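Listed below, chain by chain, are the residues.
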Amino acid sequence: MLISVKNLEKDYLSGEVVTKVLHGLTFNIDKGEFVSIMGPSGSGKSTLMHVLGFLDRATRGSYKFEDGDVTDLSDDDLAILRNNKIGFVFQAFNLLPRTTVLENVKLPLLYSDTKDNIEERAIETLKSVGLGHRLNFFTNQISGGEKQRVAIARALVNRPSVIFADEPTGNLDSKSGVGIMRILQDLNEKGNTIILVTHETYTSEHAKRIIKVMDGEIVDDYPVKVRRFAKDGEFLK
Ligand code: ADP
Ligand code: MG
């Protein structure tokens, strides 16, 4: 089992005020799955992703990652797991400015246990997302769709156990969005585990399973029966 959470709760504290955001979530995700976490804005999807991706911790409940209990790991141990096991793709791309495409993708390798062939691996990964011709462009010289492909390459270059993509098409025109969904589907076909966070039903149906979240609770969890496949020339609704 890749991910197994039980009764996961998350509260935010600001001053004296406690806001309860996640209310006891229990679910498992296996290696090789392509899951959409789907729900309206404010339902707690990003909060859940941050906990699952070791960017934040749950307030209560337990979390097993690759069958190891990670509930009470130190911040340093969580950072090591995050750098070596998790790839993130965010709505706003979060690329480094004034830096080339290639440098952005090399960066996670410099923070990981990988020591060999850093440049070659970064180039190979960029080629796999169709950006072999953009290696030395600066990140402000490429289109939004290309920026998100750089972010996918950066997420992928460490060969993580799972890729989290939080509203990855949210800042893109619909054609570029289709390209991103297609890359995520191709990556899953090659065996990568993908967890997609989205508020759009249409986008969520590109995954194989949907976990529906509302007001910090799971209200549904089902396999996608009629799956959508991103194809060139189509539009993401
Ligand atoms: P989603 O990604 O589904 O839109 P979020 O996980 O971002 O939802 O937010 C869920 C709820 O938690 C929202 O009501 C939001 O205002 C609140 N929230 C998120 N982050 C914080 C924070 N750092 N402090 C306080 N409240 C937060
Ligand atoms: Mg969000």
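Just above, that's the structure.
Residues numbered from 1 in each chain as written. Chains lettered and ligands numbered in written order. Predicted model: local features only at pLDDT ≥ 70, side-chain atom pairs only at ≥ 80, totals over all residues. Heavy atoms only, no water.

### Side note on the pattern of salt bridges
Part 1 of the argument: Scanning all chains against the criterion turns up 13 salt bridges.
Part 2 of the argument: Among the ionic pairs, Lys10 bridges to Asp56, the shortest N-O distance being 3.2 Å. Separated by 46 residues along the polypeptide, Lys10 in strand β1 (residues 3–14) and Asp56 in the loop between α1 (45–52) and β4 (60–65) bring together distant segments of the chain.
Part 3 of the argument: On the accessibility criterion, Lys10 (8% relative accessible area) is buried.
Part 4 of the argument: Under the relative-accessibility criterion, Asp56 is labelled partly exposed at 25%. (Salt bridge = Lys/Arg side-chain N within 4 Å of Asp/Glu carboxyl O. Helix = DSSP H or I, 4+ residues; strand = E, 2+ residues; numbered from the N terminus. Buried < 20%, exposed > 50% of the residue type's maximum accessible area, 1.4 Å probe, protein only.)

### Brief notes about the site of ligand 1
Part 1 of the argument: As a matter of local geometry, ligand 1 sits amid Tyr12, Val21, Pro40, Ser41, Gly42, Ser43, Gly44, Lys45, Ser46 and Thr47.
Part 2 of the argument: Between an oxygen atom of ligand 1 and a main-chain N or O atom of Ser43, the distance comes to 3.2 Å.
Part 3 of the argument: For ligand 1, an oxygen atom lies 3.1 Å from a polar atom in the backbone of Gly44.
Part 4 of the argument: Coverage of ligand 1 by the protein amounts to 57% of the 570 Å² it exposes when considered alone.
Part 5 of the argument: Residue contributions to the shell around ligand 1 peak at three residues, all from α1.
Part 6 of the argument: Among the residues making up the shell around ligand 1, the classes are represented as three nonpolar, six polar and one charged. (Near = heavy atom within 4 Å. Polar contact = N/O pair within 3.5 Å; in protein donor to acceptor, adjacent residues only side chain to side chain. Areas by Shrake-Rupley, 256 points an atom, 1.4 Å probe, with all protein chains shown as cover. Nonpolar A, V, L, I, M, F, W, Y, C, P; charged D, E, K, R; others polar.)

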